[in-house]
Amino acid sequence: MTEFGFIDSIKNLFAPLPDNGFEGIGDDCSVLSVGGGESLVFTADLLTEGVHFLRTATSPRELGRKSLAVNLSDVAAMGARPVATLLSIALPADAADAWAAEFMLGYRELSEEFGVTLAGGDTTRSLSGLTINVTAIGRAADAHLKRRSDARPGDVIFTAGELGTSGAGLQDILAGRCDTPAAAVHRNPQPQVAEGIWLGSRPEVRAMMDLSDGLASDLKHILDRSGVGAEVAVEQIPAAPGADVRMAACSGEDYKLLLTAAPEAAERLAADFRIRFAIKKSFALQAYHSNNYKLLWMILKRTKAPQILSGDIVAMTFIGKLVSVFVTIYTIFVVAIVTGVVVNYYGQIVEMQRRETAMMFLDKLERLPELSKEDLEDISKRVQKFR
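*Asks:* Where do I start with the pattern of salt bridges in this structure?
*Replies:* Close approach of charged atoms lets side chains of opposite charge pair. Summed over all chains, the structure comprises 19 salt bridges. For Glu102, the salt bridge goes to Arg61, with nearest N and O atoms at 3.3 Å. Here Arg61 lies in helix α2 (residues 60-77) and Glu102 lies in helix α3 (residues 98-113), a separation of 41 residues in the sequence. Here Glu109 makes a salt bridge to Arg61, at a shortest N to O gap of 2.7 Å. Linking Glu109 in helix α3 with Arg61 in helix α2, this pair joins segments that are 48 residues apart in sequence. The class of Arg61 is partly exposed, set by a relative accessible area of 29%.

Now the structure itself:
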């Protein structure tokens, strides 16, 4: 079972239980209305040594910052302001004392940067590596909350910055080059908290999430949840310096925001964003049409990286469910015709074989007195075959 298949099974298992005011599983955060036109959002993220990080390539202070950053990014993706966190950590013997103290200094630095309190948590010892779990809590006006399910046909897609630097950094780290600028970016992600709060306040922004698993993977979540499709122009994916298009599309942990916006307000949104956050090329994808997201995977997985073209806005145009339904019906119709032709052809072949066997049998039956022992055995086998 895949990770997302497991999540779906959990969702189905708990669906019959009362939600107690919480929205269901499916966004970067769970949402709980607290009245007065506001809601709290909750998210949790787990980091495991050997899976999400290498202690030999990451300082404890960097890991403390990163553990918090990836959770603040989820809160920002909802358009909310982070207010508190809970930290639970399982420490092996060689990560106690001085290592743990440095880890907490890094965690505190980023907490102070974004005005987030540490409200509680848990600690325990580990016999097999370091495990970190963080729960982050945010707050937002209900009107500012952004969900993955709100994209509409015709929306424009934005990425709030260039992609691929973290993926390039991971490759450097795995190759033993831990001191490169890209490796430093991978170890020190910067959550787009201010950007998320600002985008949450913009009514033209519809769906939003953060890019943790990569554009090719994460965009699919918006498409699935919103019931729309998109085709990406590979040459317009905003690859960062040092990253090719494939890496920009498929590598993870960039933690840039991915969002859709009403097409009539897209250019104004892009211009305002660049002015406010001083990003020269915040959006760089070209508008195309597609009937479903599967084409996205075919395009993004091309190995040859074409030249990157600069653009003012991201643009992937959705066309919605109608075309997808039409294509599905058309596909079923074609498959049915082809299947019918194949079955009919196979039936004719079988019938010809039966007739040939019958004629051969009759011919040998007329010559029964002349038949050898081998001929009789052959007739017996053929009769058994077609009974």
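Having put the structure on the table, let's press on.
*Asks:* What exactly am I supposed to notice about the sheet that holds strand β1 (residues 30-35) here?
*Replies:* Hydrogen bonding along the main chain pairs the strands of a sheet, whether they run parallel or antiparallel. In space, the 5 strands of this open sheet follow the order β1-β2-β5-β3-β4, with mixed pairing throughout. Here the strands that pair on one side only, and so sit at the sheet edges, are β1 and β4 (117-125). Geometrically, the sheet is characterised by an average inter-axis angle of 15° between neighbouring strands, direction not taken into account. Strand contacts of α2: β2 (38-48), β3 (81-91) and β5 (131-141), with the helix running at about 140° to β2, the strand carrying the most contacts.

*Asks:* Explain the layout of surface pockets to me, please; I cannot follow it from the model alone.
*Replies:* Regions of empty space are outlined by a rolling probe, equal in size to a water molecule, passed over the atoms. Counted as a void, the largest pocket has a volume near 1600 Å³. Lining of the largest pocket is provided by 43 residues; of these, Ile7, Ile25, Gly26, Asp27 and Asp28 occupy positions nearest its centre. When residues of the lining of the largest pocket are traced back to their parent elements, those giving at least two are α1 (3-14), β2, α2, β7 (205-210) and α7 (215-226). By residue number, the principal contributor to the lining of the largest pocket is α1, which donates 7 residues. Taken together, the residues of the lining of the largest pocket break down into 17 nonpolar, 8 polar and 18 charged.

*Asks:* I'm lost on the environment of Thr48 in this one. Help?
*Replies:* Checked against the element boundaries, Thr48 lands in strand β2. Thr48 gets classed as partly exposed once you look at its relative accessible area, which sits at 23%. Thr48 sits 85 residues away from Asn133 along the chain, and the two C-alpha atoms are 8.7 Å apart. Excluding residues within four positions of it along the chain, Thr48 makes contact with Phe53, Leu130 and Thr131.

*Asks:* Just to check I follow, could you spell out the nonpolar core for this structure?
*Replies:* One broad rule of soluble globular proteins: the nonpolar side chains tend to lie buried together. Leu63, Leu72, Leu91, Trp99, Phe103, Leu130 and Ile132 are the most contacted members of the largest nonpolar core, which totals 21 residues. Contributing elements (two or more residues each) for this core: α2, β3, α3 and β5. With 5 residues, the top contributor of residues to this core is α3. Sequence-distant contacts of Ile132, that is, excluding residues within four places in its chain, are made with Asp45, Leu46, Leu47, Phe53, Leu63, Ser67, Leu87, Ser88, Ile89 and Phe103. Counting residues in hydrophobic clusters, the runner-up holds 20 residues, among them Met209, Leu215, Ala239 and Leu258.

*Asks:* Even after reading the chapter, I still don't get the sheet that holds strand β8 (residues 257-261), so can you show me in this structure?
*Replies:* The 3 strands lie next to each other as β6-β8-β7, forming an open sheet whose pairing is antiparallel. Of all strands in the sheet, those with a lone pairing partner are β6 (156-159) and β7, marking the two edges. The average undirected angle you get between the axes of adjacent strands in this sheet is 20°. In terms of strand pairing, β6 meets β8 through 4 bridges, oriented antiparallel. In the sheet register, Phe158 faces β8, and the bridge partner there is Leu259. Across the sheet, helix α6 (residues 193-200) is in contact with β7 and β8; its angle to β8 comes to roughly 15°.

*Asks:* I'm lost on the pairing of β4 in this one. Help?
*Replies:* The side chains of a regular strand alternate, residue by residue, between the two faces of the sheet. Pairing between β3 and β4: 8 bridges, direction parallel. Bridge assignment links Ile89 to a residue of β4, and that residue is Thr123. In this fold, the crossover linking β3 to β4 by way of α3 has right-handed handedness.

*Asks:* Teacher, can you tell me more about the packing of α6 against helix α9 (residues 266-277) here?
*Replies:* When two helices pack together, their arrangement is given by the angle between the helix axes and the distance between those axes. Where α6 contacts α9, the two axes come as close as 12 Å, and the packing angle between them is 145°. Viewed along their axes, α6 and α9 form a crossing whose handedness is right-handed. Taking contact as the criterion, the partners of Ala194, Glu195, Trp198 and Leu199 in α6 are, on α9, Leu269, Asp272, Phe273, Arg276 and Phe277. When its residues are assigned to classes, the contact of α6 with α9 shows 6 nonpolar, no polar and 3 charged.

Conventions we followed
- Residues numbered from 1 in each chain as written.
- Predicted model: local features only at pLDDT ≥ 70, side-chain atom pairs only at ≥ 80, totals over all residues.
- Heavy atoms only, no water.
- Salt bridge = Lys/Arg side-chain N within 4 Å of Asp/Glu carboxyl O.
- Helix = DSSP H or I, 4+ residues; strand = E, 2+ residues; numbered from the N terminus.
- Buried < 20%, exposed > 50% of the residue type's maximum accessible area, 1.4 Å probe, protein only.
- Pairing = 2+ DSSP bridges.
- Axes fitted to C-alpha atoms, helices over the stretch in contact; angles between N-to-C directions.
- Contact = heavy atoms within 4.5 Å.
- 1 Å grid on protein atoms, 1.4 Å probe; cavity = no way out; pocket = protein on both sides within 12 Å on 5 of 7 lines; lining within 4 Å.
- Points joined across faces, edges and corners; volume = space filled by probe spheres on them.
- Nonpolar A, V, L, I, M, F, W, Y, C, P; charged D, E, K, R; others polar.
- Core = buried A, V, L, I, M, F, W, Y, C linked by side-chain atoms within 4.5 Å.
- Right-handed = clockwise from strand over helix to strand, strands pointing away.
- Left-handed = near helix turned anticlockwise from the far one by under 90°.

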